[in-house]
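So the chains spell out like this:
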There are 2 protein chains.
Amino acid sequence: MSDSCKLSGACLIAQSGGPTPVINASLYGMIKQANEYPEVTAVYGAMHGVTGILRGELLDMRQITPKDMELLPSTPSSALGSCRYKIPEPEYDDTDFKRILEIFKKHNIRYFFYNGGNDSMDTCNKISRFMRNSGYECRVIGVPKTIDNDIYGTDHCPGYGSAAKYVATTMMELYRDTIVYDYPQLLIVEIMGRNAGWLTGASALASYYGKGPDLIYLPEVPFDVEDFIRTVERRIKLGHSVIAAVSEGVRDKDGVFISEYGATDSPIRDTFGNIQLGGASSTLKQIVGRRLKVKQRAVEFSTMQRCCATRASLTDRNEAEMVGREAVKTALSGKSDCLIGLKRLPGETYHIETELIPLREAANFEKKVPLEWIGADGRSVTKDFIDYVAPLIAGEAPVAYENSLPVFADLSYLKCVE
Amino acid sequence: MSDSCKLSGACLIAQSGGPTPVINASLYGMIKQANEYPEVTAVYGAMHGVTGILRGELLDMRQITPKDMELLPSTPSSALGSCRYKIPEPEYDDTDFKRILEIFKKHNIRYFFYNGGNDSMDTCNKISRFMRNSGYECRVIGVPKTIDNDIYGTDHCPGYGSAAKYVATTMMELYRDTIVYDYPQLLIVEIMGRNAGWLTGASALASYYGKGPDLIYLPEVPFDVEDFIRTVERRIKLGHSVIAAVSEGVRDKDGVFISEYGATDSPIRDTFGNIQLGGASSTLKQIVGRRLKVKQRAVEFSTMQRCCATRASLTDRNEAEMVGREAVKTALSGKSDCLIGLKRLPGETYHIETELIPLREAANFEKKVPLEWIGADGRSVTKDFIDYVAPLIAGEAPVAYENSLPVFADLSYLKCVE
C-alpha cells in the first residue's frame, strides 16, 4: 500500500446483504464526503453489490439529482440494490477476483467501500487481499450495516437502532391491542435475528419504559417448549394476557430450531448456507393450541422491521451517515483493510466515536448478546441490555412527505457507465 | 322521548369491537364535549363495552388526569377495554336488557354512547329499543369506528384513514425491500377486511403516489387461484418482482376462503358467527411454492394495522374526535337512536360534515367497495377509489414521545364507581 495519501482515482460504493432502514444514510455520507476530495475523480455505485461489479454495472453517483440526494438518508432498503452472492476463496477460484480487478483497472477505481454485514465483510476482506497480492493499489473499507447488530468489534451496527425502535414502538402498540378484551390472550411476536438476539432483546424497551412483552426469548439460550407452555398457562390462569417476543432463531437444547418442530416444508438454505427461517411464532402457536385453551395470535415483524424508514431512530440515521463519511476519510487518509466501527465512550451520557477494525478480525465472526445480559430465567434481558440499547433508538428521524405519504429517492434514471 | 333538550343525568360511554388507532380520539371528544353541559351530572366509561355495563363496572371519566386526557387521542386500542359479546334479541331473552336498565337507573344514565362497528350498532339499536319500550328516557347514540370501513350510511368510518395510511406507507417501504435483489421475488401481503376490501384497496395509494403493489385482490370479487399463478408467473418470467396485496377474506367463485384451501386447522368462529380468518397469504405462498420456482415471502399486517397510532392520519384523528363531540351534542339536543355519520360535501376540495343516520338502518349492514371501483381485471382499484381514500390519510397525527418511545394514556388507576 502506498504511504502517500494522495491517491488519485475513482470511488466505488456497493451495498450488500439484507437492507436496513438507514443504509442509504451511509451511502449519502460516502457520496457527500467523496465529493470533498479533488483526488476523487469519480464516484460510482455498483448495482446489486459485488454481482454488479462482476457485470460491470456501475452507476455515476454524481448524476443523482439534488432532490434524490437529500431523500437518500430517509429512503429504506439498499438504493443501489443488494446481493447475497458468496464469493469463493481466491485461493481456490480467482475468476471473480480477476474480473473485479479488470473492472477496477478499467474505471481506475482506487477506493472501494462495501456496505454490508458479516458476509459482506468477508467478501470485502477477500477482495482487499486479492488486490494487494496483485499489486493493484486500491484502498478497501468495510462500512457496517445490519439490523441484526452482530458484526464483531463494533459497539453496535448502523441499522440496528432503527429496527430496535420499530420493535419497541410496535410492541407498545401491540400491547394495547392485546389487553383490550376481558379475557386473557396470548400474543407471540417473532423478531428477526438468526443467531443473535439483539433485536428481540430490544423489545424489552417497551416493557421498561411503558408496557410491552412479558416473555423475551433470545437464540443465545436454549428454548424449552415445556417451560414456555407452563409459564403461559400459569399467567393465563391468573387472568393475565401474555405477550412473548421470540427470536426467529430460537432453538431447543439440542440445537433444533423451534420453527422446524411442526414445519411442513423443508428448510431452505441461502447461498451462504444460512437456513431461511421464519415460522417460530406460528409453530409455537400450533403447539400451544394443541395444549392450552387460550385465544392466541402469532405476529411476524418480517421485513417490516428492516425497511421501517418512517420510524427510524435519528441517532441511528446520523451514525449511519457518520460511518459512511468516516469510511471515505479513512481511505483518503491512506488506510485500507478495515471496517469503520463505533466505539462508545465511558460516562453517564452517550458519546460515540468511530474506530478502525481490521477486516480480517471482523469477517465472519458473529457478535452475540452476552449471556450475562440475559435474565437467569432465560426469558428476559437485564438492565445492562436496556442501558446498551436505549441511546441507540434516541430521536425520531425526519421523513419527507408528499400526498401524506413518504417520498423516497428513486435512482432508476441512472445509467450504467461505459 | 322527551321534547325537552334539558335532560339531566349521567353520560355513559363504551367502546366495542376491534380497536382502531384513533378510537380514543372519539372518547376524548365525548368526554370533553360532555363536560361542557351543566345538565350532564357525571361522565362514566364502561369497562369492556356492554359486558362492563352488565357487571356494573363503570369508571368515572372525570378522574382522568389532565396528562392522560391529552394523551388519549394518540393512544391506540380501546382505552376502556372492548368486548365481542353478542347481546340477544330482547324479544327472546331480555335478561341482559333488564340488567342494563337497572344499571342505568342506579346511576341515572340518560345518555349512552356506544363506540363500535356494525355489531355494536346492532347492540346499540337493541338497547335503545328496550329503553324506549320500558319508558326509561335515555338518549342512545352510536359512534362509528372500524378500520374495515364497512358501516352503512356514512361516507367512511373513523379508524379507516389511519389504518389505510399504515397500509399505504408500509407497502411503500416493503416495495423497497422487495426489489433490492437482482432476481424477481413474490411478496404476498395480507390485509384485514373480511368482507369489505376498503383497507386492501388502500394499498393502491402506494402505487399511485409512489411504488407499491402490482396486484390488489379484494373480497368483493372472486379470487381465481389459477389466474393468480399465471399472472405471477408471467411477471416473474419477465424478471419483475411481484407484490400482491390480498384481503384476508379473498374467496373463490364458490365462496370458499382461500385461507381454507390448505388449512390444517378447522376454522374458528367468534360469538357473532364470524370466521376468524388469517392465513390467506401463507396459504397462497404454499400453493405458489408447489407450482412456481420463485423466492417468495408472505407478510401479514395483522393487528399492527389497527393499533398503529404512531402512524395515524391527522384527518382521521380529527374526525374521530369530531364524531365523538357531535354524538354528545346530538344527544344533548334531544335526539336519539342514530349514529353520527360522515358526509362528504361535493367539490374539488375535501370537506366533511356529520349527519345523523338512524341506528336501525345501519345495524348489521356491511358497506362493501362498489364493484365499479374495482378494476375490470379483478386485481386493481380505479381512480375513483384513489380519490375516495386519498383525503382520509391526509396529515401526520402528532405523537407524544418520552425516552424516544411513544407515551400512551393509561387509565388503570381509575376505580369502578359504587
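The structure this text deals with has already been given above.
Below: a short report on this structure. Small disclaimer: the values here were computed from a predicted structure and weren't measured.

## Looking at the overall build of chain A
- In terms of regular secondary structure, chain A is built from 13 helices and 15 strands.
- For a compact globule of 418 residues, the expected C-alpha radius of gyration is about 22 Å, and chain A comes in at 22 Å, within 12% of that figure.
- Considering only C-alpha atoms, chain A reaches an extent of 70 × 50 × 45 Å along its principal axes.
- Per-residue burial for chain A yields a buried fraction of 64% across its 418 residues.
- Nonlocal contacts in chain A, meaning residues at least 24 apart in sequence, comprise 78% of its contacts between residues at least 6 apart.
- For chain A, the separation between the mean place of its 48 positive charges and that of its 54 negative charges on side chains is 2 Å.

## Re the relation of the copies chain A and chain B
- Expressed as a screw transformation, the operator carrying chain A onto chain B has a rotation angle of 180° and an axial translation of 0.0 Å, and the superposed copies differ by an RMSD of 0.0 Å. The superposition of one copy onto the other is thereby described by a two-fold rotation axis. Closest approach to the rotation axis among the C-alpha atoms of chain A is made by A:Glu300, whose C-alpha sits 3.7 Å away.
- Most of the interface of chain A is mirrored in chain B, where 100% of its interface residues are also at the interface.

## Some thoughts on helix α5 (residues 118–134) of chain B
- The first and last C-alpha atoms of α5(B) sit 25 Å apart over 17 residues, in line with the 24 Å expected at 1.5 Å per residue.
- B:Gly135 lies just past α5(B) and shows a positive phi near 75°.

## Overview of the sheet that holds strand β8 (residues 242–247) of chain A
Residues and elements named next belong to chain A.
- Overall, parallel pairing links the four strands, which are arranged β7-β8-β6-β11 in an open sheet. Among the strands making up the open sheet, the edge pair consists of β7 (215–217) and β11 (295–300). The average angle at which neighbouring strand axes cross in this sheet is 15°, direction not considered.
- Those strands touched by helix α6 (residues 160–178) are β6 (185–191), β8 and β11, and its axis lies near 165° from that of β6.
- The strands that helix α10 (residues 280–291) touches are β6, β8 and β11; relative to β11, the one it contacts most, it runs at about 170°.

## Here's the deal with the packing of helix α4 (residues 95–106) of chain B against α5(B)
All names here are of chain B.
- The contact between α4 and α5 brings their axes to 10 Å, and the two run at 70°. Put simply, α4 runs roughly perpendicular to α5. For the pair α4 and α5, the contacting residues are Phe97, Lys98, Ile100, Leu101 and Phe104 in the first and Lys126, Ile127, Phe130, Met131 and Ser134 in the second.
- Of the residues contributing to the contact of α4 with α5, the split by class is seven nonpolar, one polar and two charged.

## Thoughts on the interface of chain A and chain B
- Tallying the contact residues gives 59 residues for chain A and 59 residues for chain B.
- Of the roughly 4900 Å² buried between chain A and chain B on both sides combined, carbon and sulfur atoms contribute 54%.
- Counting the surface chain A buries against chain B, the share from its top three residues, A:Arg176, A:Tyr181 and A:Leu405, is 14%.
- At the boundary of chain A and chain B, one finds six salt bridges.
- For the salt bridge of B:Arg55 with A:Asp182, the shortest nitrogen-to-oxygen distance reads 2.5 Å.
- Viewed at the interface, chain B and chain A are joined by 28 residue pairs in polar contact (both at pLDDT 80 or more).
- When contributions to the side of chain A that touches chain B are tallied by element, the ones reaching two or more residues are α6, α8 (204–209), β11 and β15 (405–406) of chain A.
- Looking at the side of chain A that touches chain B, the element that brings in the most residues is α6(A), giving 10 residues.
- Class assignment for the residues of the side of chain A that touches chain B results in 26 nonpolar, 18 polar and 15 charged.

## Re the packing of helix α9 (residues 225–237) of chain A against α10(A)
All names here are of chain A.
- At their nearest, the axes of α9 and α10 sit 11 Å apart, and the two run at 60° to each other. Judged by the angle between their axes, α9 and α10 are oblique. Both α9 and α10 take part in a crossing whose hand is right-handed. Touching Val225, Glu226, Phe228 and Ile229 of α9 are Leu284, Ile287, Val288 and Arg291, all from α10.

## A look at the pairing of strand β4 (residues 109–116) of chain B
Residues and elements named next belong to chain B.
- By the criterion of burial, β4 is predominantly enclosed, with eight of the eight residues buried.
- Pairing between strand β1 (residues 9–15) and β4: six bridges, direction parallel. By the bridge assignment for β4, Ala14 is matched with Tyr114.
- Across six bridges, β4 lies against strand β5 (residues 139–144) in parallel orientation. Across the sheet, Phe113 pairs through a bridge with Ile141, a residue of β5.
- Note on the crossover from β4 through α5 to β5: the handedness is right-handed.

## Examining helix α9 (residues 225–237) of chain B
Residues and elements named next belong to chain B.
- Here α9 is 13 residues long and its end C-alpha atoms lie 18 Å apart, about the 18 Å a rise of 1.5 Å per residue gives.
- Those residues of α9 lying buried are Val225, Phe228, Ile229, Thr231, Val232 and Ile236. Buried residues in α9, looked at end-on, bunch into an arc of 165°, giving them a common side.
- The elements touched by buried residues of α9 are β6 (185–191), β7 (215–217), β8 (242–247) and α10 (280–291).

## Let's talk about the sheet that holds strand β11 (residues 295–300) of chain B
All names here are of chain B.
- On the basis of which strands lie adjacent, the open sheet formed by four strands has the order β7-β8-β6-β11 and parallel pairing. Whereas interior strands pair on both sides, the edge strands pair on one side only; in this sheet they are β7 and β11. Direction aside, the axes of adjacent strands within the sheet are offset by 15° on average.
- Where β6 and β11 come together, six bridges link them in parallel fashion. What sits directly across from Ile188, in β11, is Ala298.
- Helix-sheet contacts for helix α6 (residues 160–178) involve β6, β8 and β11, and the interaxial angle to β6 is about 165°.
- In the packing of α9 onto the sheet, the strands contacted are β6, β7 and β8, and the crossing angle to β7 comes to about 170°.

## A word on the packing of aromatic side chains
- Considering all chains together, one arrives at 34 aromatic pairs over all chains under this definition.
- Plain terms: the ring middles of A:Tyr217 and A:Phe228 are 5.6 Å apart, the flat faces sit at 80° to each other, and that makes the pair edge-to-face. Taken as a pair, A:Tyr217 in strand β7 and A:Phe228 in helix α9 lie far apart in primary sequence, 11 residues in all.
- Among the residues examined, A:Tyr217 registers a relative accessible area of 6% and is labelled buried.
- Plain terms: the ring middles of B:Phe97 and B:Phe130 are 5.4 Å apart, the flat faces sit at 35° to each other, and that makes the pair tilted. Note that B:Phe97 is positioned in helix α4 and B:Phe130 in helix α5, a separation of 33 residues in sequence. By the burial criterion, B:Phe97 is buried, and B:Phe130 matches it.
- Connected via pairs of aromatic rings, a cluster forms that spans A:Tyr160, A:Trp198, A:Trp373, A:Phe385 and A:Tyr388.

## Comments concerning the pattern of salt bridges
Residue and element names in this part refer to chain A.
- Evaluation of the coordinates by the stated rule reveals 54 salt bridges over all chains.
- Between Glu39 and Lys6 there is a salt bridge, and its shortest N-O distance comes to 3.9 Å. With Glu39 in the loop between α1 (23–34) and β2 (40–46) and Lys6 in the segment before β1 (9–15), this residue pair connects regions lying 33 residues apart in the sequence.
- Judged by relative accessible area, which is 10%, Glu39 ranks as buried.

## Some words on the nonpolar core
- Grouped together as the largest cluster of nonpolar side chains are 92 residues, with contacts concentrated most on A:Tyr160, A:Leu199, A:Phe301, B:Tyr160, B:Leu199 and B:Phe301.
- Apart from the residues lying within four places of it in its own chain, the contact partners of A:Phe301 are A:Tyr166, A:Val167, A:Thr170, A:Met171, A:Leu174, A:Val189, A:Glu190, A:Ile191 and B:Met304.

Cut-off values and rules
- Residues numbered from 1 in each chain as written.
- Chains lettered and ligands numbered in written order.
- Predicted model: local features only at pLDDT ≥ 70, side-chain atom pairs only at ≥ 80, totals over all residues.
- Heavy atoms only, no water.
- Helix = DSSP H or I, 4+ residues; strand = E, 2+ residues; numbered from the N terminus.
- Rg over C-alpha atoms; globule rule 2.2 N^0.38 Å.
- Buried < 20%, exposed > 50% of the residue type's maximum accessible area, 1.4 Å probe, protein only.
- Contact = heavy atoms within 4.5 Å.
- Lys, Arg positive; Asp, Glu negative; His and termini not counted.
- Charge placed at Lys NZ, Arg CZ, Asp CG, Glu CD.
- Least-squares fit on C-alpha atoms with pLDDT ≥ 70 in both.
- Expected span 1.5 Å × (residues − 1).
- Pairing = 2+ DSSP bridges.
- Axes fitted to C-alpha atoms, helices over the stretch in contact; angles between N-to-C directions.
- Parallel < 35°, antiparallel > 145°, perpendicular 65-115°, else oblique.
- Nonpolar A, V, L, I, M, F, W, Y, C, P; charged D, E, K, R; others polar.
- Buried area = accessible area lost by both parts, 1.4 Å probe.
- Salt bridge = Lys/Arg side-chain N within 4 Å of Asp/Glu carboxyl O.
- Polar contact = N/O pair within 3.5 Å; in protein donor to acceptor, adjacent residues only side chain to side chain.
- Left-handed = near helix turned anticlockwise from the far one by under 90°.
- Right-handed = clockwise from strand over helix to strand, strands pointing away.
- Arc of directions from axis to C-beta.
- Phe/Tyr/Trp six-rings, centres within 6.5 Å; stacked < 30°, edge-to-face > 60°.
- Core = buried A, V, L, I, M, F, W, Y, C linked by side-chain atoms within 4.5 Å.

The values reported here are purely geometric and, on their own, carry no functional implication.
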